[in-house]
Amino acid sequence: MKALVCWLTVLLTAGLAALPAAAQEAEAVPSVDEIVQRANHMAYYQGLDGKSAVLMKITDKNGNVRTREFIILRKNGDGGNQKYFVYFLQPPDVRRMVFMVHKFAALDKDDDRWLYLPSLDLVNRIAASDKRTSFVGSDFLYEDVSGRSLEEDVHELTQVTEERFLIKNTPKNPASVEFSYFTVEIDRKTYMPMKMEYFDKSGTLYRVIEAKKVEPISAKEGDRQVEYLTVTESVVKDLKTGSTTEMKFSNVQYNLGLNDDLFTERYLRRPPREAMR
Amino acid sequence: MRTIPGGCAAAVLLWTIAAASGEEVQKQSFWSQWAPPEVHGFWEARGGYRLQNDRYQKDMSVMETRFQLDLFTYTDWAEFKYKGDVFGDWVQEKGRYQTRETWMFFRPSDTMDVKLGRQVLTWGTGDLLFINDLFPKDWQSFFIGRDSEYLKAPSDAVKVSFFHDLANLDIVYTPQFDSDQFIRGEGISYWNSNLGRTAGEDVHIHTDKPDRWFRDDEVALRLYKNINNYEFALYGYHGFWKSPAGQNAAGLATFPDLNVYGASVRGQVGKGIGNAEIGYYQSRDDENGDDPMTANSEMRYLLGYTQEIGTDFTAGMQYYVEQMLDYDAYKQSPGMTRDEFRHVLTLRLTKLLMNQNLTLSFFGYYSPSDKDAYLRPNVHYKASDRWSMEMGSNIFFGDYRNTFFGQFRDNTNLYAAIRYSF
C-alpha cells in the first residue's frame, strides 16, 4: 500500500481503467486489500508503458531553489516488475546522465540500478539497496518514485468519508524504515492516492506528500481510446528540515510501445530518441 | 543555425555531416533537419600546491583556468557532438586547447550502432584500475588533481556495435595509436632507471612512438551479454603498451607490441555489487621474457565488491594483482628490481550529505608488495545548480623511490577548484 504513496509517480504507471464501474462502487466499500491494490495500480502501473518530462523544484528552508529536469520512461513487466529509464536534462552538471532501474516486485530481490556518466563513458552499477534515500537530492525518496511493495506494510482502513478512504499503513519490519506508520487518503471514485502523511517513531507528523493536480491523459489501448487519470503535480514537504519539493509532469504519454531493449546497456550508453525529446 | 561561440567546431560538425550524407541537399531542407544546438559547458579555476619540496618541479602542481564548450545537435538520422577545452596553464606557462570529443553517432539498423570521431571510451569493471580497458588515460591530469573526467583521454576512433540475442559485440578501431598521457617528467617527477634517480623537468622521457596511420593501429573488442543482470564480457586487444614499456638502442622509451585477452563479470552479490576481471597481457616483442629492454608478458587479476553501508554512504574494495610472466628470465638480467607479483588493495568511501549537495569521498590504493600507497581524499560541494567547489589532495607514500606510487611521493599535493556550469 505504501505503494500508493507514490502517486507521484503516477505518471509512470498506468493502467487501470476501470472507470465505468466507479459510480456504483462508490456506494459499497471494498476490502482494504482491494483498495490498496487499485490505488497502487493507479499510482504506478497504468498502461503498458509511459513517458513524461519531469520538472522538480527543491526549495530549502532558506528559500534556496534547485531544479532537476529529466525525462522518464517506464515499462511494465510481469508480476509487478518494472523498468525505468531516467535521462537528465538539468542541472548542467548531471545533464545527459542516465539512471536505469530494473525494479523487482519480490521483497527478497533488490532492484538493479545503473548510472551512466557520459563524460567518462562509464557504466556504473549502483550498489545502493536502501530505497528510502533521497531521489536526486530532492525530498522525494527513491521509493516514492519507484513504488513501495504492498507486502511491506499492514494496511488498515481507518476512515471512510464521502470522498476518500483513509488507510493506515504500518511496516511489517519497522527497523527497515524511518517512519512508524503512514496514512494515505485515496479518492473513492478514482482510487487515486491524493495525500500521504508520514509519522516518525514518536508519532509526530514529519512528512507530507500531496497530489496537487490530476489530469486525464488520452491514450490508445489497442484500438480503443482510453483516458488514464494521472497526477501531474505533486508536492512533498519535509516538516523537519523545512524543505519542499514540487514535481510537475508534462508531455505525459502512455502505451508508446516501448521495447524492452531500451532498458539495456546499449541505450544506457546512447539514449533512445524517446528519452531525449 | 544560430551563430554560436566555437564556430569552428560547428563547422567541423557540419562538414562531417555533409560528407556523411554525401548528397547535395537544398539549403532549406538541409538546415531544417537540424535540432537547435544544445550549448553547454563550464568555466573553472583550479589551483594546487605541493606539500613538500620537489627539486625538479615548481611548487605549483596545478594552476589553471579552463573553459569548456559542449555542443550537441541531431537530425533524424544521426547525432553530433563537440566538446572542447581552452585553458591557461600557469604551471607550463602556456595557453592550451584540447578537443575532448567530436563525433557523430548513428544507428544504421536495429542491430547496429556506429560512433565515429574523437570520443571517450570506457569498458571493464575496475574502479580506477584498468585491465581490459586499453583506451588512453591521462595520468598527468589524474595525479595533479584535475577533475576525474580528465583521467580518460579521448581516442580518435570508430566504434561499431552489433546487438544480438546471443551476445553483443563492440569493435573499436583506432587507426593511429593513442598512447596514455604518461608521466614523463613534465610537472611530475618520476623514477628514471637509467639515471638511477628521481628526475623531473631536468630529464623528460622521450619516446619513439608508433604513429603510422593504419599500420600502427589498435583494435579493441568486447563481446558481452547480460544474463539475469549479471554482466559477462570477453575482451580482446591488439595494439601497443599504452605507456612506455621498453627502451630502444637510442635510449628512447618505446611502446612495444601488446595483445590482451580477458574476461569479466559483474552483478549483485549479497547486498552489494561484486565484480571480477582477468587479463593476459601478451608482450609480443618479448614473448620469452628474456629481453631486458622490453616488458614481459603479464597476468592481471581483479576482484571487487561495493556495498551501501549507511544512508547515502557507500564503500567499495578491490584486490588487484599483476603477475609478471617469465620472471626467471627477467631476473637473470642485472639491475632488475621488480617483484614477480604486485599486489594492490583499493578502498573507496563515498558519503553524501546536505541533500546530496556535499560529497565526501576517499579513494586509496595500497600496495603491500611495493610498500607504497596513493590516497585521494576529496570534498565537493554544489553551492547551487550552477556553482560548485571542491578541494582534495593527492597523497603518495612509498618506502622506495622506484615503485609505482613511491616514485611520485614528492608530488603529494593539495588542490582546490571552483566551477560555473551552464
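The structure under discussion appears in the preceding block.
Described below are features of the structure shown in this document. (Residues numbered from 1 in each chain as written. Chains lettered and ligands numbered in written order. Predicted model: local features only at pLDDT ≥ 70, side-chain atom pairs only at ≥ 80, totals over all residues. Heavy atoms only, no water.)

## Quick notes on the overall build of chain B
Counting its regular elements, chain B contains four helices and 23 strands. For 422 residues, the compact-globule formula gives about 22 Å, and the C-alpha radius of gyration of chain B, at 23 Å, lands near that figure. For the C-alpha atoms alone, the extent of chain B along its principal axes is close to 70 × 55 × 45 Å. Counting all 422 residues of chain B, 51% fall into the buried class. Considering only intrachain contacts with a sequence separation of at least 6, the fraction spanning at least 24 residues in chain B is 55%. On chain B, roughly 19000 Å² of surface is accessible, and the fraction owed to carbon and sulfur atoms is 58%. The centroid of the 43 positive side-chain charges in chain B is displaced by 4 Å from the centroid of its 56 negative side-chain charges. (Helix = DSSP H or I, 4+ residues; strand = E, 2+ residues; numbered from the N terminus. Rg over C-alpha atoms; globule rule 2.2 N^0.38 Å. Buried < 20%, exposed > 50% of the residue type's maximum accessible area, 1.4 Å probe, protein only. Contact = heavy atoms within 4.5 Å. Areas by Shrake-Rupley, 256 points an atom, 1.4 Å probe, with all protein chains shown as cover. Lys, Arg positive; Asp, Glu negative; His and termini not counted. Charge placed at Lys NZ, Arg CZ, Asp CG, Glu CD.)

## A closer look at unusual backbone geometry
Following Gln90(A), the chain continues into Pro91(A) via a peptide bond in cis, with omega recorded as 0°. Structurally, Pro91(A) can be placed in the loop between β3 (82–90) and β4 (98–103). Phi at Asn255(A) takes a positive value of approximately 55°, unusual for a residue other than glycine. Relative to the helices and strands, Asn255(A) resides in the loop between β13 (243–254) and α4 (265–269). Phi at Asn229(B) takes a positive value of approximately 65°, unusual for a residue other than glycine. Here Asn229(B) lies in the loop between β11 (218–227) and β12 (230–240).

## With respect to the nonpolar core
Counting 51 residues, the largest nonpolar core has Phe70(A), Phe88(A) and Ile186(A) as the members making the most contacts within it. The greatest single-element share of this core, amounting to six residues, is contributed by helix α2 (residues 32–44) of chain A. In this view, Phe70(A) contacts Ser52(A), Ala53(A), Val54(A), Met56(A), Val86(A), Tyr87(A), Phe88(A), Leu89(A) and Phe135(A); residues no more than four positions away in its chain are not counted. Grouped together as the second largest cluster of nonpolar side chains are 46 residues, Leu121(B), Leu258(B), Tyr281(B) and Phe396(B) included. (Core = buried A, V, L, I, M, F, W, Y, C linked by side-chain atoms within 4.5 Å.)

## Digging into the packing of aromatic side chains
Two measures describe an aromatic ring pair: the distance that separates the ring centres and the angle between the ring planes. According to the stated counting rule, one finds 40 aromatic pairs over all chains in the structure shown. Between the aromatic rings of Phe182(B) and Phe255(B), the centroid separation amounts to 5.9 Å while the plane-to-plane angle is 65°, which identifies the pairing as edge-to-face. Here the residue Phe182(B) occupies a position in the loop between β7 (168–174) and β8 (190–192), and Phe255(B) occupies one in the loop between β14 (253–254) and β15 (257–269), the gap between them amounting to 73 residues. You'll find Phe182(B) and Phe255(B) in the same group, each marked buried. Over the aromatic face of Tyr142(A) sits the side chain of Arg113(A), whose NZ or CZ is 3.6 Å from the ring centroid. (Phe/Tyr/Trp six-rings, centres within 6.5 Å; stacked < 30°, edge-to-face > 60°. Lys NZ or Arg CZ within 6 Å of the ring centre and 35° of its normal.)

## Points about the pairing of strand β1 (residues 49–59) of chain A
Residues and elements named next belong to chain A. By the criterion of burial, β1 is predominantly enclosed, with eight of the 11 residues buried. Pairing of β1 with strand β2 (residues 65–76) involves 11 bridges; the strand directions are antiparallel. In the sheet register, Ile58 faces β2, and the bridge partner there is Arg66. (Pairing = 2+ DSSP bridges.)

## So, a nonpolar patch on the surface
Residue and element names in this part refer to chain B. The grouping of Trp43, Phe67, Val86, Tyr97, Trp387, Met389 and Ile418 at the surface amounts to a nonpolar patch, some 630 Å² of accessible area in total. With respect to the helices, strands and loops of the structure, Ile418 is situated in strand β23 (residues 413–421). Taking relative accessible area as the criterion, Ile418 reaches 32% and is therefore assigned partly exposed. (Patch = residues over 30% accessible without salt bridge, like charges linked within 9 Å, V, L, I, M, F, W, Y side chains within 5 Å. Salt bridge = Lys/Arg side-chain N within 4 Å of Asp/Glu carboxyl O.)

## Side note on the pattern of salt bridges
Under the criterion given, the structure shown has 58 salt bridges over all chains. Across the pair Glu185(A) and Arg164(A) runs a salt bridge whose closest N-O atoms are separated by 2.7 Å. Of this pair, Glu185(A) sits in strand β9 (residues 181–187) while Arg164(A) is found in strand β8 (residues 164–171), placing the two residues 21 residues apart along the sequence. In this structure, the salt-bridge partner of Asp410(B) is Arg401(B), at a minimum N-O distance of 3.4 Å. What makes Asp410(B) buried here is its relative accessible area of 17%. The structure contains a network of salt bridges with shared partners spanning Glu64(B), Arg66(B), Asp85(B), Asp89(B), Arg96(B) and Arg146(B).

## Here's the deal with the interface of chain A and chain B
In this assembly, 44 residues from chain A lie in contact with 58 residues from chain B. Taken over both partners, the interface formed by chain A and chain B buries close to 4000 Å², and the fraction arising from carbon and sulfur atoms is 39%. On the surface where chain A and chain B come into contact, there are 11 salt bridges. For Arg125(A), the salt bridge identified is with Glu231(B), shortest N-O distance 2.4 Å. Secondary-structure elements contributing two or more residues to the side of chain A that touches chain B are β2, β5 (112–117), β6 (122–125), α4 and α5 (273–276) of chain A. (Buried area = accessible area lost by both parts, 1.4 Å probe.)

## A short note on the environment of Asn248(B)
All names here are of chain B. If you trace the backbone, Asn248 turns up in the loop between β13 (246–247) and β14. For the pair formed by Asn248 and Pro210, sequence separation is 38 residues and the distance between their alpha carbons is 13 Å. Ignoring anything within four residues of it in the chain, the contact list for Asn248 reads Asp208 and Thr254. Polar contacts involving the side chain of Asn248 include one to the side chain of Asp208, which spans 3.4 Å. (Polar contact = N/O pair within 3.5 Å; in protein donor to acceptor, adjacent residues only side chain to side chain.)

## Focus: the environment of Ile227(B)
With respect to the helices and strands, Ile227(B) occurs in strand β11. C-alpha separation for the pair Ile227(B) and Ala167(B), spaced 60 residues apart in sequence, amounts to 10.0 Å.

## Remarks on the sheet that holds β13(B)
Residue and element names in this part refer to chain B. In space, the three strands of this open sheet follow the order β10-β14-β13, with mixed pairing throughout. At either margin of the open sheet sits one strand with a lone partner, and together these are β10 (207–208) and β13. Bridge count for β13 against β14 is two bridges, and the pairing is antiparallel. By the bridge assignment for β14, Gly246 is matched with Thr254.

## Let's talk about the pairing of strand β20 (residues 358–367) of chain B
Residue and element names in this part refer to chain B. Relative to β20, strand β19 (residues 341–353) runs antiparallel, the two being bridged by nine bridges. From the neighbouring strand, Leu352 faces β20, where its bridge partner is Thr359. What sits between β19 and β20 in their antiparallel hairpin is a turn of four residues, with Met354 showing a positive phi close to 50°. Across 10 bridges, β20 lies against strand β21 (residues 372–382) in antiparallel orientation. Its bridge partner lying in β21, Tyr366 is registered against Ala373. Taking the residues that link successive antiparallel strands as the turn, the β20-β21 hairpin has four residues, and the phi of Lys371 there is positive, at about 55°.

## Thoughts on the environment of Val160(B)
Residue and element names in this part refer to chain B. Topologically, Val160 is positioned in strand β6 (residues 155–163). The spacing of Val160 and Lys115 is 45 residues in sequence and 6.5 Å in space, taken between C-alpha atoms. Once residues within four sequence positions are removed from consideration, Val160 is found in contact with Met112, Asp113, Val114, Leu169, Asp170 and Ile171.

## Quick notes on α2(A)
For α2(A), built from 13 residues, the straight-helix expectation of 18 Å at 1.5 Å per residue is met to within 8% by its first-to-last C-alpha distance of 18 Å. Taken as a whole, α2(A) has its buried residues at Ile35(A), Val36(A), Arg38(A), Ala39(A), Asn40(A), Met42(A), Ala43(A) and Tyr44(A). (Expected span 1.5 Å × (residues − 1).)

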